[in-house]
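These are the residues of each chain, in order.
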Amino acid sequence: MKLFESETVELKQVYTSDLKKEIVAFANTNGGTIYIGVDDSGEIVGLDNADFVMQQISNSLRDSIRPDISMFINIELMKEDSKFFIKLTVSQGTKKPYYLSDKGLKPTGVYVRSGTTSAPASEDAIRMMIKMTDGDSFEANRSLTQELTFNTLNEEFKRRGLEFTEVQMKNLGILSSDNIYTNMGLLVSDQCKHSIKFAIFQGTDKLVFKDRKELGGSLFAQLTDAYKTIDFYNGTKATFHDLLRTDERDYPEDAVREALLNAIVHRDYSFSGSTFINLYSDRLEIISLGGLVSGLSLEAAMLGASQTRNEKLAALFYRMKLIEAYGTGISKILSCYKGLPVRPEFENVEGAFKVVLPNIHAQALRAEEEKYLPILRLFEGQKEIARSDVEEALGSGMTHAINMLKEMQERGLIIKVGNGRLTRYAVKRKDSNI
């Protein structure tokens, strides 16, 4: 009997631990046969300890390859001319991609057959195999990252008096039935790949950039951090009616909360980009990827119609009492501005959804800022400016420039750097961590 290597045949003179790579490659491609005890020329050289090698192969299949591949493997002890060799038949698996358990779902752990060799699969190929096997549901698909921790989520469960067990993880869709973490698990894990990018601008446009920060970690951590950051910048204006004082925030807190929850729960996480939060002096913009679910118009959403894109994520947020009912987010945001001269805006385009919350006190702020805008624009091209720069920008004398700079310092718009002839001015940062 003469054998030859091909796309579906692999020859091994002796058993080595690398055999599991060939098994994974065949299971991920079109199947194949591995002969052990046959040299590269196709001659049967035999094995002295064939029974022991068969046991090693069985152990390797059980301990080293995920998901369970044993049902697609057939091991036979063959004999020819008094020489024993092993025929290992690998069928194409139905739960691709198969991978080496110590490497995980990444190119170093996933192999495919290419000609007569077994080669690492690309990340795109791995994603395609997952999609073909698991379907189009992003949440239910297996996560490419399997080394996940859930410290933040566990703390959230404890705060609500709930247990966070393996059974719960499977019920929530974090773990699959064969103990593999899903993309749902990745989103709520401490290793979540997505983020929120927060930017603060000095005015009503992006001409004068002030600060920024990126929020990462579990979606629950991102929600908390984003709300705290907005709250830090959400000013309060006091008004008096007779002797009664009323404090009013620039942005209604309930509207901020609902807009954030909608952006996190309903965005399309198959996009790798970040959610954006842009804070201007007159408005707060929250932009999430994906837009409304196909078939759902903005008009229908405004009426309260709802179609959840991430059903398991929404169910978890509902269970954690962060959302009360589906389809009420937009109506709640609108109700927060009832009776006010400004209204929220919603924009849905292909691939993105934007919520604009207007600053209730924007009109007064805008009038103040127009006065200082020529000075603020100087910071577009430089971090610090001098008094002479202000004089030139305003076309005024030294006294007027000094007075304007003093007013801006008192309002917290700029800070003074240095003294005497070396005095410079810079945009004031409210939070040194941002």
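What counts and what doesn't
- Residues numbered from 1 in each chain as written.
- Predicted model: local features only at pLDDT ≥ 70, side-chain atom pairs only at ≥ 80, totals over all residues.
- Heavy atoms only, no water.
- Helix = DSSP H or I, 4+ residues; strand = E, 2+ residues; numbered from the N terminus.
- Rg over C-alpha atoms; globule rule 2.2 N^0.38 Å.
- Buried < 20%, exposed > 50% of the residue type's maximum accessible area, 1.4 Å probe, protein only.
- Contact = heavy atoms within 4.5 Å.
- Pairing = 2+ DSSP bridges.
- Axes fitted to C-alpha atoms, helices over the stretch in contact; angles between N-to-C directions.
- Parallel < 35°, antiparallel > 145°, perpendicular 65-115°, else oblique.
- Left-handed = near helix turned anticlockwise from the far one by under 90°.
- Phe/Tyr/Trp six-rings, centres within 6.5 Å; stacked < 30°, edge-to-face > 60°.
- 1 Å grid on protein atoms, 1.4 Å probe; cavity = no way out; pocket = protein on both sides within 12 Å on 5 of 7 lines; lining within 4 Å.
- Points joined across faces, edges and corners; volume = space filled by probe spheres on them.
- Nonpolar A, V, L, I, M, F, W, Y, C, P; charged D, E, K, R; others polar.
- Arc of directions from axis to C-beta.
- Salt bridge = Lys/Arg side-chain N within 4 Å of Asp/Glu carboxyl O.
- Core = buried A, V, L, I, M, F, W, Y, C linked by side-chain atoms within 4.5 Å.

**Section: the overall build of the chain**
- Secondary structure summary: the chain contains 14 helices and 19 strands in total.
- Since a compact globule built from 434 residues should have a radius of gyration of about 22 Å, the 31 Å found for the chain marks it as more spread out than a globular shape.
- Summarising its shape, the C-alpha atoms of the chain cover approximately 105 × 55 × 40 Å along the three principal directions.
- Per-residue burial for the chain yields a buried fraction of 46% across its 434 residues.
- Sequence separation of at least 24 residues holds for 61% of the intrachain contacts in the chain that already meet a minimum separation of 6.

**A look at the sheet that holds strand β4 (residues 73-80)**
- Read across the sheet, four strands follow the order β1-β2-β5-β4 without closing on themselves; strand pairing throughout is mixed. Each edge of the open sheet carries a strand with a single partner, namely β1 (9-12) and β4. Neighbour-to-neighbour, the strand axes of this sheet turn through a mean angle of 20°, independent of strand direction.
- Across five bridges, the pairing between strand β2 (residues 32-36) and strand β5 (residues 83-90) is antiparallel. Looking at β5, one finds that isoleucine 36 is bridged to isoleucine 86.

**A word on the packing of helix α7 (residues 219-233) against helix α8 (residues 253-266)**
- Closest axis-to-axis distance for the α7/α8 pair is 11 Å, and the angle between their directions is 150°. Here α7 is positioned roughly antiparallel relative to α8, judged by the angle of their axes. Between α7 and α8 lies a crossing of right-handed hand. Facing α7, whose interface residues are Leu219, Leu223, Ala226, Tyr227, Ile230 and Asp231, α8 presents Glu253, Val256, Arg257, Leu260, Leu261 and Ile264.

**Quick word on the packing of aromatic side chains**
- Following the criterion strictly, the structure yields eight aromatic pairs and no others.
- Ring geometry for phenylalanine 150 and tyrosine 181: centres 5.4 Å apart, planes at 50°, overall tilted. Of this pair, phenylalanine 150 sits in the loop between α3 (123-134) and α4 (151-159) while tyrosine 181 sits in the loop between α5 (166-171) and α6 (183-188); the two residues are 31 residues apart in sequence, bridging distant segments of the chain.
- Assessed through its relative accessible area of 18%, tyrosine 181 is described here as buried.

**Overview of the layout of surface pockets**
- When its volume is computed, the largest pocket comes out at roughly 1,000 Å³.
- Examining the composition of the lining of the largest pocket, we find that five residues originate from one element, α3, more than from any other.
- Residue composition of the lining of the largest pocket, by class: 11 nonpolar, 15 polar and 12 charged.

**Quick word on α4**
- Listing the buried residues of α4 in full gives Leu153, Glu156 and Phe157. Summarising the axial view, the buried residues of α4 lie within an arc of 100°, below the 170-degree limit, and thus occupy one face. Turned more than 90 degrees off the buried face of α4, the exposed positions are Asn151, Lys158 and Arg159.
- Elements that come into contact with the buried residues of α4 comprise α6, α7 and α10 (311-319).
- Among the residues trailing α4, glycine 161 stands out with phi positive, at a value near 70°.

**Here's the deal with the sheet that holds strand β18 (residues 414-417)**
- The strand order across the open sheet built from three strands is β17-β19-β18, with neighbouring strands paired in antiparallel fashion. At either margin of the open sheet sits one strand with a lone partner, and together these are β17 (384-385) and β18.
- As paired strands, β18 and strand β19 (residues 424-427) are joined by four bridges and run antiparallel to one another. Bridging from a neighbouring strand, lysine 416 pairs with tyrosine 425 of β19.
- Along the sheet, helix α14 (residues 398-410) contacts β18 and β19; its crossing angle with β18, the most-contacted strand, is approximately 115°.

**Notes on the pattern of salt bridges**
- This structure, assessed with the given rule, holds 21 salt bridges.
- Measuring nitrogen to oxygen at the nearest pair gives 3.8 Å for the salt bridge that ties glutamate 258 to lysine 332. Taken as a pair, glutamate 258 in helix α8 and lysine 332 in helix α11 (residues 329-336) lie far apart in primary sequence, 74 residues in all.

**Some points on the nonpolar core**
- Ranked by size, the top nonpolar core spans 59 residues in total, and within it Leu153, Ile174, Phe317 and Leu357 carry the most contacts.
- No other element matches α8, which puts eight residues into this core.
- Among all residues touching phenylalanine 317, those that are not within four sequence positions of it are Phe220, Leu223, Leu261, Ile264, Val265, Leu322 and Ile323.
- Of all hydrophobic cores here, the second largest spans 24 residues; its members include Leu19, Phe26, Ala27 and Met54.

**Concerning empty space enclosed by the protein**
- A full pass over the atoms with the stated rule returns two cavities of 30 Å³ or more.
- Reported here for the largest cavity is a volume of approximately 470 Å³.
- What lines the largest cavity is a set of 32 residues, among which Asn262, His266, Leu292, Ser306 and Ile330 lie closest to the centre.
- Elements that contribute at least two residues to the lining of the largest cavity include exactly α8, β14 (283-290), α11 and β16 (351-358).
- In terms of residues, the lining of the largest cavity owes the most to one element, α8, which gives six residues.
- Across the lining of the largest cavity, the residue classes break down as 17 nonpolar, 10 polar and five charged.

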